[in-house]
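A closer look at the structure
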Amino acid sequence: MTILIPILGDQLSHTLASLRDVTPASAVVLMMEVADEATYVPHHPQKIALFFSAMRHYADELRGAGWTVDYVTLDDPANTGDFASEVARAAARHGATSIVTVAGGEWRVLEGQRQWAERTGLPLTILDDDRFICTIEQFAGWAQGRKRMIMEDFYRIMRRQTGLLMDGDQPAGGQWNYDADNRKSVPKGHRFTPPVRFAPDAITSDVMALVAGRFGNHFGSIDGFRWAVTRTQALAALADFVAHRLAGFGDYQDAMVTGEDVLNHSLLSPALNLGLLSPLEVCQAAEAAYHAGTAPLNAVEGFIRQILGWREYVRGLYWFAGPDYTARNHLAATRPLPAAYWGAPTDLRCLSEAVDNTRRNSSAHHIQRLMILGNFAMLVGTDPAEVHRWYLAVYADALEWVEAPNVIGMSQFADGGLMSTKPYAAGGAYVNRMSDHCKSCKYDVKQRTGPKACPLNSLYWDFLARHEERLSGNQRLWRMYDGWRRFSEDEQTRIREQAATFLATLA
Ligand code: FAD
Ligand code: DLZ
């Protein structure tokens, strides 16, 4: 009796469901670096290196714990390049009598896993991925029948369920949400403590060379690789965040500063999404800082909400919405993704900063992703499927279950409001309020029309005008449409012509 246990690249948890209730002597763990997964979108080289390095370290740790691990490297000449064929090859190699695996984090992968029984002729068990705080079934039970799935409602249930930041049945401090305190702009000269970096060891260096050789043509630089690739490093990154940046996390959560890639963000999403950290232990570490008096409530609540609220919510929504979610296109947008997203020069300072952060680090903080990159793509009318593929490719933390709801739902409004009550659309004034980018931009953020006018201004009004029929009935957009209707007809024409001229440059 040999149980084959395939473990995927984002399942690197030592408490994984498929490793429980099995003795190492009766099983072979299979891990596969496969070309299909590295290329189904052109992943950033740092993302591929992160997955491969973390997988290789994890395989070594499992071996150290007594497991037999069959690890297929990308450059193994016999490697067929896809999960199904590698599982079939390994099943034959080891004379496997059954397969036990944990459900993948993406509809495409899960549907592929379901074929493994037929492919190998072996009994197959696909276990639920129980590394989340809310199960898929619990979320579906909550979501079923709701017209709108408000994250805040879900989050309160999660707070009560976990007891995080609760005083009995009431939220610590008397409020559930301290967001109102979390929109400060950064004072001039403020210094942020940079996050801990992990110098590549021999395994990571090997992988970086492999990736540079095979995927050097993908967008993104491999040089700045700094990610935690083991649980030990991930715990060190968590401790570093709690000690140095958590206390200021709330205050500048929505801020953007030229040259500051991280601000007070945690950079923990890759470690969480690969399974090196559990969401509950990260929330508990933040809560402990609040109880120890080293971080204020607005910061700790804001941080915990991102994980206990948003992360659990988007995962539930992804599986609840079904496999066609990524094809949704409520605003019927068809434009190709602008070349600036792949590094072509752009005079918009906010956009060039966000793309450059992405290129150098395979990362960008939330407001860059939502209000710069997502906003611009939506205003110009980019096909959401192209936007989705770009985000999935470029970010080290991008797994479809978390990326797609954020992109298709939150940032592009392509799901028609399943996730957000209104599109996150903004003109230059927002960027100017939340960042220092406009000061060093070629364009004038105060102008709507004319050669120096910030393109975001005309694009914003043009977006609203273009979608008036679809969106003007939305109560939350009433003020914006009122603003549009207050412009004279001549001004409306000038704004729309200005937008059309800019859009023509994108072609
Ligand atoms: P922090 O600001 O320190 O937040 C702490 C943690 O909260 C994060 O590590 C993450 O696990 C969680 N979190 C925060 N916001 C969200 C959210 N909206 N959804 C889910 N989890 C959240 N996050 C991903 O993990 N993978 C993605 O592919 C991804 N794509 C995104 C695309 C768009 C358009 C937008 C608007 C957001 C996306 N996010 C994604 C969410 C969020 O931007 C990132 O989790 C965050 O920027 C990661 O950096 P951090 O670890 O420093 O986060
Ligand atoms: C993202 C990624 C990459 C780049 N490479 C691999 C790989 O070679 N092997 C693997 O097991 N997983 C990889 N992944 C993650 C998968 O594409 C996919 O997102 C997860 O398997 C879903 O659970």
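Just so it is clear, the structure is predicted and the values come from calculations on it, not from any experiment. Every chain is numbered independently, its residues counted from 1 as its sequence is written. A letter from A marks each chain and a number from 1 marks each ligand, given out in the order of writing. Residues qualify for local features only when their pLDDT is at least 70, as the model is predicted, and side-chain atom pairs are given and counted only at 80 or more; totals for whole chains, interfaces and linings, by contrast, use all residues. Remark: hydrogens and water are excluded; side-chain values derive from all non-hydrogen atoms of the structure.

Things to note about the domain arrangement of the chain
In many reports, interface size means the accessible area that the parts give up when they come together. By domain assignment, the chain separates into domain 1 (3-127), domain 2 (136-195 + 245-316) and domain 3 (339-506). Taking only C-alpha atoms, the centre of domain 2 and the centre of domain 3 are 25 Å apart. Counting from both sides, the interface comprises 24 residues of domain 2 and, opposite them, 28 residues of domain 3. Buried surface at the junction of domain 2 and domain 3, summed over both partners, amounts to about 2300 Å²; 59% is from carbon and sulfur atoms. Every case where a carboxyl oxygen of Asp or Glu lies within 4 Å of a side-chain nitrogen of Lys or Arg is listed as a salt bridge. Remark: the boundary between domain 2 and domain 3 carries one salt bridge. The salt bridge involving D261 is made with R360; its shortest N-O contact spans 2.8 Å. Within 3.5 Å is the distance limit for a polar contact, defined as a pair of N or O atoms, with the added protein rule that one can donate a hydrogen and the other accept it, and that residues adjacent in sequence qualify only through two side-chain atoms. Across the domain 2-domain 3 interface, the total number found is 11 residue pairs in polar contact (both at pLDDT 80 or more). Secondary-structure elements contributing two or more residues to the side of domain 2 that touches domain 3 are α10 (269-274) and α12 (297-321). Labels follow the DSSP assignment, with helices taken as runs of H or I lasting at least four residues and strands as runs of E lasting at least two, numbered in each case from the N terminus. Here the element with the most residues in the side of domain 2 that touches domain 3 is α12; it accounts for five residues. A breakdown of the residues in the side of domain 2 that touches domain 3 according to their chemical character gives 11 nonpolar, seven polar and six charged. Domain delimitation follows an automatic or database domain assignment. Pairs of residues are marked as contacts when any of their non-hydrogen atoms sit within 4.5 Å. Accessible-area loss on putting two parts together, using a 1.4 Å probe and summing over both, is the definition of buried area adopted here. Following the grouping adopted for this structure description, the nonpolar residues are Ala, Val, Leu, Ile, Met, Phe, Trp, Tyr, Cys and Pro, the charged ones are Asp, Glu, Lys and Arg, and the polar ones are all others, Gly among them.

Comments concerning the nonpolar core
Only buried Ala, Val, Leu, Ile, Met, Phe, Trp, Tyr and Cys residues count toward a nonpolar core, and they belong to the same one when joined by side-chain atoms within 4.5 Å. Here's how the labels work: a residue is buried when its accessible area is under 20% of the maximum for its type, exposed when over 50%, partly exposed in between, all with a 1.4 Å probe on protein chains only. With 156 residues, the main nonpolar core has M31, L246 and Y313 as its most contacted residues. Leaving out residues up to four positions away in the same chain, Y313 has contacts with F139, W142, M149, I150, M151, F154, L418 and M419.

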